[in-house]
Amino acid sequence: MKFSQIEESRALLRKASSADATPMPVPPPAVPVRTAYETAATDEKTREETRVYYGETLKKTEDLKTNACCTGAAPPKHIKNAIAKIHPEVNGRYYGCGLVVPDELDGLSTLDLGCGAGRDVYLLAQLVGEKGRVVGIDMTKEQLAVAREHIQWHADKFGFAAPNTEFVEGIIENLGACGLADESFDLIVSNCVVNLSPDKRAVLKEAYRVLKTGGELYFSDVYSSRRVPAELVADPVLWGECLSGALYWNDFLALAKQCGFGDPRLVKDSVITVANEELEKKLEHIKFFSATYRLFKLPGILEPDCEDYGQAVIYKGTIPQNPHGWALDDHHYMQTGKVFPVCGNTYHMLHDTRFMKHFDFIGDKSTHYGIFEGCGKSIPYASAAEGGKKGGSCC
């Protein structure tokens with residue numbers, strides 16, 4: 001058969017196939033633009049229910065109906081000592097699910113999203129020192145009243161010449177309305193609050209906007225093993241207890257990347273047992289977790305996956321409270337003085353942030369060696385495991 005005849009036959013086959021074929025459905029986006037937790041009720045209705053729950057229903061930590069908004073692990077000694085310096089009324093109205101205190105805080109400009117009565121604000125105020133500042137934002141007037149009442153008391157307790165704390169009323173989905181400018185903070189923290197927002201995307205976008213380049217969002221929150229059904233999202237008690245507003249963990253990772261935070265890093269996690277038989281029956285087979293993540297603002301630098309450029313770092317042992325080693329996340333613990341191979345993303349999280357002075361850096365990105373093995377992804381081809389011994393045709 002001549003070449004022209006072959007091409008004519010192929011054209012006829014293509015024409016026949018296109019005439020008979022059913023159009024392929026368009027696949028849904030990886031993360032729905034407005035998922036169940038955002039559509040079960042209007043944003044303002046959800047916020048009002050949250051205001052009532054945290055402003056009127058809950059008067060102290062013991063009023064919580066589950067253990068979702070409770071910090072289980074004991075804090076390090078220096079954090080425990082700092083918490084002891086916080087006013088009892090403030091400590092008594094703490095509803096966090098984790099410890100949002102990263103390392104290397106001296107002099108930082110810090111923002112606490114959903115600060116409540118100010119426990120974490122006053123904890124961080126001691127660690128950033130007099131040259132740093134901590135701003136807390138919350139929409140619950142009753143909580144803010146407690147926080148503001150003790151501003152001078154804490155400054156005196158810490159031995160500061162003037163308060164380094166401020167509390168602002170507003171919603172975390174619109175920080176601009178609170179007068180917070182672009183790139184105005186080195187660090188943002190949040191403790192079991194993002195799950196209470198009806199618009200998580202807006203929260204992450206606003207956090208990215210007000211962070212300085214090289215800054216980070218370091219926060220603890222509640223995540224679910226699957227997407228929470230709309231009827232449970234609409235339950236005001238489950239929502240107020242930080243359960244039904246929880247993001248499905250995989251939706252969170254995708255959403256964070258869409259909002260500019262490449263390569264979210266898990267620091268620690270634990271299972272939430274709920275500890276309320278009536279609410280456990282409603283939740284059925286959904287599991288919940290408390291998890292702390294760190295998200296760095298490094299635009300145009302972080303790659304979708306961990307790539308190997310033959311780079312390494314050496315930790316100097318100079319981060320306060322960490323003389324023998326330091327952990328960036330749950331799978332990067334670097335011993336002092338030891339060469340530690342890293343992927344390109346980890347290299348940048350250390351080199352282009354406040355941690356740079358604590359490390360020596362080896363290598364550049366002039367040569368790419370493929371995917372960084374052991375970081376959650378490897379080469380997908382089965383033939384690679386066989387050493388490429390089997391040949392094959394090409395197309």
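This text goes with the structure placed above it.
All of the points below concern the structure found in this document. (Residues numbered from 1 in each chain as written. Predicted model: local features only at pLDDT ≥ 70, side-chain atom pairs only at ≥ 80, totals over all residues. Heavy atoms only, no water.)

## Brief notes about the overall build of the protein chain
A tally of regular secondary structure across the protein chain gives 15 helices and 13 strands. Taking contacts inside the protein chain between residues at least 6 apart in sequence as the whole, the part at least 24 apart equals 79%. A total of about 19500 Å² of accessible surface is found on the protein chain, and carbon and sulfur atoms cover 55% of it. (Helix = DSSP H or I, 4+ residues; strand = E, 2+ residues; numbered from the N terminus. Contact = heavy atoms within 4.5 Å. Areas by Shrake-Rupley, 256 points an atom, 1.4 Å probe, with all protein chains shown as cover.)

## Re the environment of S190
The residue S190 is located in strand β4 (residues 185-191) in this model. From its side chain, S190 meets the backbone oxygen of L113 in a polar contact 3.1 Å long. (Polar contact = N/O pair within 3.5 Å; in protein donor to acceptor, adjacent residues only side chain to side chain.)

## Some remarks on helix α8 (residues 151-158)
At 3.6 residues per turn, the α-helix brings residues three or four places apart onto the same side. Those residues of α8 that fall on the buried side of the exposure criterion are I151, H154, A155 and F158. For α8, the angular spread of buried residues about the axis comes to 100 degrees, placing them on one side. The inward-facing, buried residues of α8 contact α5 (88-91), α6 (119-128), α7 (141-149) and β3 (165-169). Immediately downstream of α8, the backbone of G159 shows phi near 80 degrees, a positive value. (Buried < 20%, exposed > 50% of the residue type's maximum accessible area, 1.4 Å probe, protein only. Arc of directions from axis to C-beta.)

## Quick notes on the nonpolar core
If you look at the biggest cluster of nonpolar residues, it comprises 32 residues, and the most contacted ones within it are L111, L217 and F252. Mapped by element, the contributors of at least two residues to this core are β1 (109-113), β2 (133-138), β4, α9 (200-210), β5 (211-224), α12 (249-258) and β8 (288-296). Of all the elements, α9 adds the most residues to this core, at five residues. The next biggest cluster of nonpolar side chains, apart from the first, holds 30 residues, and it includes A82, A125, V134 and F160. (Core = buried A, V, L, I, M, F, W, Y, C linked by side-chain atoms within 4.5 Å.)

## Thoughts on the side chain of S190
Note on S190: relative accessible area 0%, which makes it buried. Look past the residues within four positions of S190 in its chain and what remains in contact with it is V100, D112, L113, Y218, F219 and S220.

## Side note on the state of the cysteines
For the structure on display, the rule yields zero disulfides. No disulfide involves C306; its nearest neighbouring cysteine sulfur is the one of C343, lying 3.7 Å away. (Disulfide = S-S within 2.5 Å.)

## Section: α12
Of the positions making up α12, those classed as buried are D251, F252, L253, L255 and A256. Note on α12: the residue one or two positions beyond its end, G260, has a positive phi of about 110 degrees.

## Section: the pairing of β1
Side-chain positions along a regular strand alternate between the two faces of the sheet. For β1, the buried fraction is high: five of the five residues fall into the buried class. Of the two faces of β1, the one carrying S109, L111 and L113 and the one carrying T110 and D112 are both buried. When β1 meets β2, the two strands line up parallel, connected through five bridges. Each bridged residue has a counterpart across the sheet, and for T110 the counterpart in β2 is V134. Remark: the β1/α6/β2 crossover connection has right-handed handedness. Of the strand pairs in this sheet, β1 and β4 are connected by four bridges, and their pairing is parallel. Bridging from a neighbouring strand, L113 pairs with S190 of β4. (Pairing = 2+ DSSP bridges. Right-handed = clockwise from strand over helix to strand, strands pointing away.)

## Points about the sheet that holds strand β13 (residues 359-362)
Pairing between the strands of a sheet is mediated by backbone hydrogen bonds and can be parallel or antiparallel. The three strands are arranged β12-β9-β13 in an open sheet whose pairing can be described as antiparallel. Each edge of the sheet is formed by a strand with only one pairing partner; in this case those strands are β12 (339-342) and β13. In this sheet, neighbouring strand axes are inclined to one another by 30 degrees on average, regardless of whether the strands run parallel or antiparallel. The sheet contact formed by strand β9 (residues 311-315) and β13 spans four bridges and is antiparallel. (Axes fitted to C-alpha atoms, helices over the stretch in contact; angles between N-to-C directions.)

## Brief notes about unusual backbone geometry
Of note in the backbone geometry, E104 takes a positive phi value of approximately 60 degrees without being a glycine. Its identity as a non-glycine residue notwithstanding, Q321 has a phi of 75 degrees, on the positive side. Topologically, Q321 is positioned in the loop between β9 and β10 (325-329).

## What about the pairing of β4?
Along β4, six of the seven residues are buried, which leaves the element largely enclosed by surrounding structure. Sheet analysis places β4 next to β5, joined by six bridges and oriented parallel. Bridging from a neighbouring strand, N191 pairs with S220 of β5. Read as a crossover between parallel neighbours, the route from β4 over α9 to β5 is right-handed.

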